[in-house]
Amino acid sequence: MNTMEINKIVAGVICAVLLVVVVGKIGNALVHPDELEAPVYPFSEDVLAGANAPAAAPAAPAGPEPILAMLASADLGQGEKVFKKCASCHEAEKGGPNKTGPNLYGVVGAAFGHVGDFSYSDGIANHGGTWGFEELNEFLYKPRDYIDGTKMSFGGLKKASDRAAVIAWLNSKSDNPLALPDPAAVEAANAAEEAVDGAADAVEEAVAQ
Ligand code: HEC
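Residues numbered from 1 in each chain as written. Predicted model: local features only at pLDDT ≥ 70, side-chain atom pairs only at ≥ 80, totals over all residues. Heavy atoms only, no water.

1. Topic: the overall build of the protein
The condition that has to hold: Secondary structure is summarised from DSSP: a helix means a run of H or I of at least four residues, a strand means a run of E of at least two, and numbering begins at the N terminus for each. Relative accessible area decides the class of each residue, using a 1.4 Å probe on protein chains only: under 20% of the type maximum gives buried, over 50% gives exposed, and in between gives partly exposed. We call two residues in contact whenever any of their non-hydrogen atoms come within 4.5 Å of each other. All accessibility values rest on the Shrake-Rupley procedure with a 1.4 Å probe; residue burial counts only the protein chains present in the view.
A tally of regular secondary structure across the protein gives nine helices and zero strands. Starting at the N terminus, the α and β elements of the protein follow one another as α-α-α-α-α-α-α-α-α. The buried share among the 209 residues of the protein stands at 24%. In the protein, of all internal contacts separated by at least 6 residues, the share reaching a separation of at least 24 is 49%. When the accessible surface of the protein is split by element, carbon and sulfur atoms take 60% of a total near 14400 Å².

Structural data, given as structure tokens:
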């Protein structure tokens, strides 16, 4: 290969580079790409991210696990043990005194603020209604969430089996214990509720289409 040929090759490469640059400039001059201020499809990035993300785990149900179906088989001995956590503030024997908290004999099924000579918070005093199993389940799960401004400074019982046991035991501390719900009936009621929810969702979907 002589110098002449090398020069031609170098010149060719330079021309090619120049051509690319010039064509690029001309292209830009002819076509003005208008940048969009906002994406036309506003969710595109989220959607793309979402499309590849694993399906979100179903949200944990808010609030305490239900205990109705556990009451009938709850262990009263266990309930008495759990009550040790309450005993610094509560007595549960008939005719027993109020302590920091009111006497709890007969509280299950009784009105909120069931003791006459105890000075309740407004949250309890003005609540209205009665302490059924479900109300007690909510209250004992997290007292401060259930009753605004409650005087009961107790963090709560996080274990459903503890709540079921102590509620069943408290129910036995009464002149008129409530009948414990039949677990089969509770399950049937839950299944019926789910079926109704499912049907409502189906109707909603059908209407939306
Ligand atoms: C640190 C003291 C304390 C502890 C521990 C405590 N309580 Fe209480 N409890 C109270 C006070 C004070 C009240 C009154 C609350 C109010 O007026 O807001 C109360 C109210 C209640 C009520 C409502 C009574 C009514 O007449 O309406 C129930 C039911 C109850 N407590 C159950 C329990 C149980 C069950 C436990 C144990 C798992 C427990 N408490 C632990 C202080 C306590």
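2. Quick look at the site of the ligand
Our working definition: Working definition: residue near molecule or strand if any one of its non-hydrogen atoms lies within 4 Å of it. A 3.5 Å cut-off defines polar contacts: any pair of N or O atoms within that distance qualifies, except that in protein one atom must be a possible hydrogen donor and the other a possible acceptor, and neighbouring residues in sequence count only when both atoms are side-chain atoms. The residue classification treats Ala, Val, Leu, Ile, Met, Phe, Trp, Tyr, Cys and Pro as nonpolar and Asp, Glu, Lys and Arg as charged. All others, Gly included, are polar.
Not every one of the 26 residues close to the ligand is listed here, only the nearest: Cys 86, Cys 89, His 90, Ser 121 and Met 152. Tyr 120 has a polar side-chain atom sitting 2.5 Å from an oxygen atom of the ligand. Thr 150 is positioned such that a nitrogen or oxygen atom in its side chain is 2.7 Å from an oxygen atom of the ligand. Ranked by the residues each element gives to the shell around the ligand, the list is headed by helix 6 (residues 133-141), at three residues. Taken together, the residues of the shell around the ligand sort by class into 16 nonpolar, eight polar and two charged.

3. Remarks on the coordination of the iron atom of the ligand
Selection criterion: For Na, K and Ca the donor cut-off is 3.2 Å, while for other metals it is 2.8 Å, and in both cases only N, O and S atoms qualify; water is not among them, so sites may look incomplete. Here the metal geometry follows the donor angles, with tetrahedral for four donors whose angles all fall between 85 and 135 degrees, square planar for four and octahedral for six when opposite donors are more than 155 degrees apart and every other angle is between 65 and 115, and irregular for all the rest.
Only His 90 (NE2) and Met 152 (SD) from the protein reach the iron atom of the ligand as donors, at distances of 1.9 to 2.1 Å. If you look at the iron atom of the ligand, its six donor atoms make angles of 87 to 179° with each other, and the shape they trace is octahedral. Remark: Met 152 occurs in the loop between helix 7 (143-146) and helix 8 (160-172) and His 90 occurs in the loop between helix 4 (76-82) and helix 5 (122-125); sequence separation between them is 62 residues. Looking at His 90, the relative accessible area reads 10%, which means it is buried.

4. Thoughts on helix 8
As a reminder, the rule being used: Residue count minus one, scaled by 1.5 Å, sets the expected span of a helix.
The end-to-end C-alpha distance of helix 8, which contains 13 residues, comes to 18 Å, matching closely the 18 Å that a straight helix rising 1.5 Å per residue would cover. Burial of helix 8 is extensive: eleven of the 13 residues sit out of reach of the surface. When we look at burial in helix 8, the residues that qualify are Ala 160, Asp 162, Arg 163, Ala 164, Ala 165, Val 166, Ile 167, Ala 168, Trp 169, Leu 170 and Asn 171. Its buried side turned inward, helix 8 meets helix 3 (68-71), helix 4 and helix 6.

5. Quick word on the nonpolar core
Rules: For this analysis, a nonpolar core means a set of buried residues of the types Ala, Val, Leu, Ile, Met, Phe, Trp, Tyr and Cys, connected via side-chain atoms within 4.5 Å.
Core analysis: the biggest nonpolar cluster contains 31 residues, and Leu 71, Phe 83, Trp 131, Val 166, Ile 167 and Leu 170 have the highest contact counts within it. Mapped by element, the contributors of at least two residues to this core are helix 3, helix 6 and helix 8. Here this core takes seven residues from helix 8, the largest share from any one element. Leaving out residues up to four positions away in the same chain, Leu 170 has contacts with Phe 83, Ala 92, Leu 104, Val 107 and Val 108.

6. A short note on the environment of Pro 66
Locating Pro 66 in the fold gives a position in the loop between helix 2 (44-52) and helix 3. Residue Pro 66 is classed as exposed on the basis of its relative accessible area, which comes to 63%.

7. Looking at the packing of helix 6 against helix 8
Keep this limit in mind: For helices, the fitted line uses only the C-alpha atoms of the stretch in contact; every axis is such a line through C-alpha atoms, and the angle between N-to-C directions lies from 0 to 180 degrees. Orientation is classified from the angle alone, with under 35 degrees giving roughly parallel, over 145 giving roughly antiparallel, 65 to 115 giving roughly perpendicular, and any other angle giving oblique. Handedness of each helix crossing follows the sense of rotation of the near helix against the far helix: counterclockwise by less than a right angle gives left-handed, clockwise gives right-handed.
Their axes nearest at 10 Å, the elements helix 6 and helix 8 cross at an angle of 130°. On the basis of their axis angle, the class for helix 6 and helix 8 is oblique. The two elements helix 6 and helix 8 cross, and the hand of that crossing is right-handed. Contact residues: helix 6 offers Phe 133, Leu 136, Asn 137, Leu 140 and Tyr 141, while helix 8 offers Arg 163, Val 166, Ile 167 and Asn 171. Of the residues contributing to the contact of helix 6 with helix 8, the split by class is six nonpolar, two polar and one charged.

8. Things to note about the packing of aromatic side chains
Here the distance between the centres and the angle between the planes together describe a pair of aromatic rings. Selection criterion: Pairing of aromatic rings covers Phe, Tyr and the six-membered ring of Trp, with a centre-to-centre limit of 6.5 Å; geometry is then stacked below 30 degrees between planes, edge-to-face above 60, and tilted otherwise. For a Lys NZ or an Arg CZ to count as sitting over a ring, it must be within 6 Å of the ring centre and within 35 degrees of the ring normal.
As enumerated under the stated definition, the model contains six aromatic pairs in all. Their ring planes at 45° and their centres at 4.9 Å tell us that Trp 131 and Phe 139 sit as a pair that is tilted. Both residues of the pair, Trp 131 and Phe 139, belong to the buried class. An aromatic cluster is present here, built from Phe 112, Trp 131, Phe 139 and Tyr 146 joined pairwise through their rings. Its guanidinium or amino end placed over the ring of Tyr 141, Lys 158 lies 4.6 Å from that ring's centre, counting from NZ or CZ.

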